[in-house]
Amino acid sequence: MNTEVSTERKNANPYVVIECPEKIPCDPCVDACPNGAISMPGSIIELPQIDYEKCTGCLVCIPRCPGLAIFVVDDRPEDHSLVYIPYEFLPRPKKGDTAKGLDRDGKERCDVTIIKVIDAKKFDRCAIVGLSVPKELAHEIRAIRITE
Ligand code: SF4
Ligand code: SF4
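Within the protein chain, the secondary structure is distributed over 2 helices and 9 strands. Across the protein chain, helices and strands are ordered from the amino to the carboxyl terminus as α-β-α-β-β-β-β-β-β-β-β. Expected size for 148 residues packed as a compact globule is a radius of gyration near 15 Å; at 15 Å, the protein chain falls within 12% of this value. In terms of overall dimensions, the protein chain has C-alpha extents of about 45 × 35 × 25 Å along its principal axes. For the protein chain, the residues scored as buried account for 42% of the 148 residues in total. Counting only contacts in the protein chain whose residues sit at least 6 apart along the sequence, the fraction spanning at least 24 positions is 61%. The positive charge centre, built from 20 side chains, and the negative charge centre, built from 24, are 4 Å apart in the protein chain.

Set out below in structure tokens:
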């Protein structure tokens with residue numbers, strides 16, 4: 001198991017980032033991953049652990065988290081990063097829209113461009129929205145505010 005995201009790993013594929021704020025009895029993320037990359041050793045109250053050797057960055061786990069705490073980052077583009085976030089609001093943004101990128105405190109940090117919207121019935125009202133963000137903010141931007 002490799003629980004660290006090495007630079008080599010970041011350059012190979014998108015990778016999941018899990019940001020559970022606290023230990024709570026919750027574990028849908030464990031069953032959500034088709035590759036068995038998320039585990040919760042010990043008990044359901046532990047924080048999830050990621051095996052980056054198994055995570056392919058497939059996005060599937062994002063809408064399965066009731067706490068909206070799962071993101072996927074893609075650092076492969078040279079001049080920006082891609083950040084995939086859960087999005088529950090309606091109407092959904094559209095590919096090509098611009099929006100304000102918000103950090104974990106809801107503060108506007110930059111403009112972002114919507115590069116993908118994946119919405120499916122099986123996601124239970126939570127879409128996956130892909131954002132193009134400045135590289136230095138890939139681990140800061142965690143939500144958007146639609147401006148158009
Ligand atoms: S992004 Fe895909 S492979 Fe990675 S942890 Fe989530 S479901 Fe598993
Ligand atoms: S489903 Fe979400 S909130 Fe629950 S343990 Fe997994 S990442 Fe944390």
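Structure shown, so let's carry the discussion forward.
Below, the discussion takes up the pattern of salt bridges. Scanning the model with the defined rule gives 11 salt bridges in all. Here R76 ties to D74 by a salt bridge, and the two come within 2.9 Å at their closest N and O atoms. For D74, a relative accessible area of 5% puts it in the buried group. Shared partners join several salt bridges into a network, and the residues in it are E19, D103, R104, R109, E140 and R142.

Looking at the element boundaries, Y15 is found in strand β1 (residues 15-18). A residue is classified by how much of its surface remains accessible, and Y15, at 1% relative accessible area, is buried. The residues touching Y15, leaving out its near neighbours within four places in the chain, are V5, R9, K10, Y52, C55, G57, F71, V72, V73, D75 and H139. One polar contact links Y15 to D75, side chain to side chain, over a distance of 2.5 Å. A polar contact of 3.1 Å, which involves the side chain of Y15, links it to the side chain of H139.

Okay, the site of ligand 1 next. Taken together, V16, C33, P34, N35, I38, C55, T56, G57, C58, L59 and C61 make up the full set of residues near ligand 1. Within the shell around ligand 1, the residues separate by chemical class into 8 nonpolar, 3 polar and no charged.

With that out of the way, let us pick up the environment of L82. Structurally, L82 can be placed in strand β5 (residues 81-87). A C-alpha to C-alpha distance of 6.1 Å links L82 and V133, two positions 51 residues apart in sequence.

Reading the values: the criteria
Residues numbered from 1 in each chain as written. Chains lettered and ligands numbered in written order. Predicted model: local features only at pLDDT ≥ 70, side-chain atom pairs only at ≥ 80, totals over all residues. Heavy atoms only, no water. Helix = DSSP H or I, 4+ residues; strand = E, 2+ residues; numbered from the N terminus. Rg over C-alpha atoms; globule rule 2.2 N^0.38 Å. Buried < 20%, exposed > 50% of the residue type's maximum accessible area, 1.4 Å probe, protein only. Contact = heavy atoms within 4.5 Å. Lys, Arg positive; Asp, Glu negative; His and termini not counted. Charge placed at Lys NZ, Arg CZ, Asp CG, Glu CD. Salt bridge = Lys/Arg side-chain N within 4 Å of Asp/Glu carboxyl O. Polar contact = N/O pair within 3.5 Å; in protein donor to acceptor, adjacent residues only side chain to side chain. Near = heavy atom within 4 Å. Nonpolar A, V, L, I, M, F, W, Y, C, P; charged D, E, K, R; others polar.

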